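As a plain string of letters, each chain reads:
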Amino acid sequence: MSGESGYLPQHKGFATAAIHAFQEPEQWESLAVVTPMVSSTTFKQYGPANFKKYEYGRSGNPSREVLEKCLATLDNGKYGLCWSSGLGATTGVASLFTAGDHIICGDDVYGGTNRLFRQVCSKFGLEITFVNEKEIEKNIKPNTKLIWIESLTNPTLKVMDIKATAELAHKHNVLLAVDSTFVTPYFQHPLDFGADLVIHSITKYINGHSDVIMGATITNNKEIYDKLKFLQNSMGIIPAPFDCYQVTRSLKTLALRMQQHMKNSIQVAKFLEKHPKVARVVHPGLPSHPQHDIFKRQSSGCSGIMSFYLKNATLEQSRTFLSALKIFTLAESLGGYESLAELPSVMTHASVPEDQRKVLKITDDLIRLSVGLEDIEDLISDLQQALEKI
Ligand SMILES: C=C(NCc1c(COP(=O)(O)O)cnc(C)c1O)C(=O)O
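Residues numbered from 1 in each chain as written. Predicted model: local features only at pLDDT ≥ 70, side-chain atom pairs only at ≥ 80, totals over all residues. Heavy atoms only, no water.

Colleague: Is there a simple way to think about the confidence of the model for the protein in this case?
Modeller: Low pLDDT marks stretches whose predicted atomic positions should not be read closely. Averaged over all residues, the pLDDT of the protein is 97; the fraction at 70 or higher stands at 99%. Of all helices and strands in the protein, the one with the weakest mean pLDDT is helix α11 (residues 354–359) (95), whereas strand β7 (residues 215–219) scores best (99). Two numbers describe this predicted complex: its pTM, 0.98, and its ipTM, 0.99. (pLDDT = per-residue confidence, 0-100. Helix = DSSP H or I, 4+ residues; strand = E, 2+ residues; numbered from the N terminus.)

Colleague: Can you help me understand the pattern of salt bridges in this one?
Modeller: A side chain of one charge can pair with a side chain of the opposite charge if their charged atoms are brought near each other. Scanning the entire structure with this criterion turns up 15 salt bridges. The salt bridge partner of E223 is K227, with a shortest N-O separation of 3.1 Å. Here E223 and its partner K227 are both found in helix α6 (residues 222–235), 4 residues apart, which amounts to about one turn of the helix. Judged by relative accessible area, which is 52%, E223 ranks as exposed. We classify K227 as partly exposed; its relative accessible area is 42%. (Salt bridge = Lys/Arg side-chain N within 4 Å of Asp/Glu carboxyl O. Buried < 20%, exposed > 50% of the residue type's maximum accessible area, 1.4 Å probe, protein only.)

Colleague: It is not clear to me how the packing of helix α3 (residues 86–94) against helix α4 (residues 111–120) should be interpreted in this structure. Could you clarify?
Modeller: Each pair of packed helices can be described by the angle between their axes along with the distance between the axes. The contact between α3 and α4 brings their axes to 10 Å, and the two run at 35°. Once α3 is placed against α4, the crossing between them reads as right-handed. Contacts between α3 and α4 involve L87, T90, T91 and A94 on the former and, on the latter, G112, T113, R115, L116 and F117. Residues of the contact of α3 with α4, tallied by class, amount to 4 nonpolar, 4 polar and 1 charged. (Axes fitted to C-alpha atoms, helices over the stretch in contact; angles between N-to-C directions. Left-handed = near helix turned anticlockwise from the far one by under 90°. Contact = heavy atoms within 4.5 Å. Nonpolar A, V, L, I, M, F, W, Y, C, P; charged D, E, K, R; others polar.)

Colleague: Can you walk me through the site of the ligand in this structure?
Modeller: Close to the ligand lie 19 residues; N154, D179, T203, S333 and R368 are nearest. In this structure, an oxygen atom belonging to the ligand sits 3.4 Å away from a side-chain N or O atom of K204. In isolation the ligand exposes 480 Å². Once the protein is present, 93% of that is buried. Structurally, the shell around the ligand is a two-domain feature, drawing no fewer than three residues from each of domain 1 (14–251) and domain 2 (254–388). (Near = heavy atom within 4 Å. Polar contact = N/O pair within 3.5 Å; in protein donor to acceptor, adjacent residues only side chain to side chain. Areas by Shrake-Rupley, 256 points an atom, 1.4 Å probe, with all protein chains shown as cover. Domains from an automatic or database assignment.)

The structure is reproduced here in structure tokens:
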């Protein structure tokens, strides 16, 4: 799908890097081909404060370090850090700033990110303004330090023009952080377009097996990296070694999984677009998406995430539809091999103030799908039979 269909060419060597980058067997005494999982929380020292490389698991761990370096490479970055969750990574980034600083956040972001900024960071004196993409510049003030956007946004799947937003941020000497969870490093490299920081909920596509909660930050800016590494250790927002081992294993199939997620989600989107009980489908891979062209300018493809509006559906009818699904599982999260469906207005985005949800059209007829790796015929017939129930 990449290159010839108007998307960016696929990043060369991605699958090879995901399998081999920073995983040379020669780095281990055992010459292990599979990176060992080091669970030790502490490391023997030659003498007091005289240690080889690691002293304590929170400050550094071999399994985590391999993953952090590999993830940086996959996002075409220099410096990666892993955190205990996606929101843990967001907390780390927010902790770069101090009371009185101002953060501009895109209006359409994960409900937990909205809640963290609105109900936690503001308590520490950070001023947060939620704006739509057209109002970013007019909201920049002398104390603005960071612009935080998702692209794609959760759950209305808006595409933010990363290059234009980075140019705008840097014109005003402001940093740009891009949460790229919904697209993944396989399809999108925000650093290539000027972003200062990339954030991922590893929990989603990158781990892709719905069995790890983790986050990551990637940057090319050594000063930012050093500050974040200090915060990662000082705040203790680190992932477990076993989880790092699990994610390192998941990277081996990330390229293959993303290709199949893209194929399945576009077929599902095309099916729904023609269905009489569907009012509108929102999928960046469809020409009908308002920012389809921007999306293809900054990515080489799309994941399995999509949203759609049921036609004239009440909350009750949306509940009926979701309960009737048999292969799509009604659950929060996304990006695993299993297909999931959810109702953002009462689930992932319930914590977003109602007036904001209304403006964003996060209404009771909006269904979000994470299209997995099941046989496409089964997925489409599952949707068909559930739509017949309303
Ligand atoms: C759980 C869900 N989102 C988590 C999420 C997060 C938070 O990641 P956690 O690993 O769940 O803390 C950050 N950024 C985006 C774009 C996200 O979608 C969800 O949308 O179902």
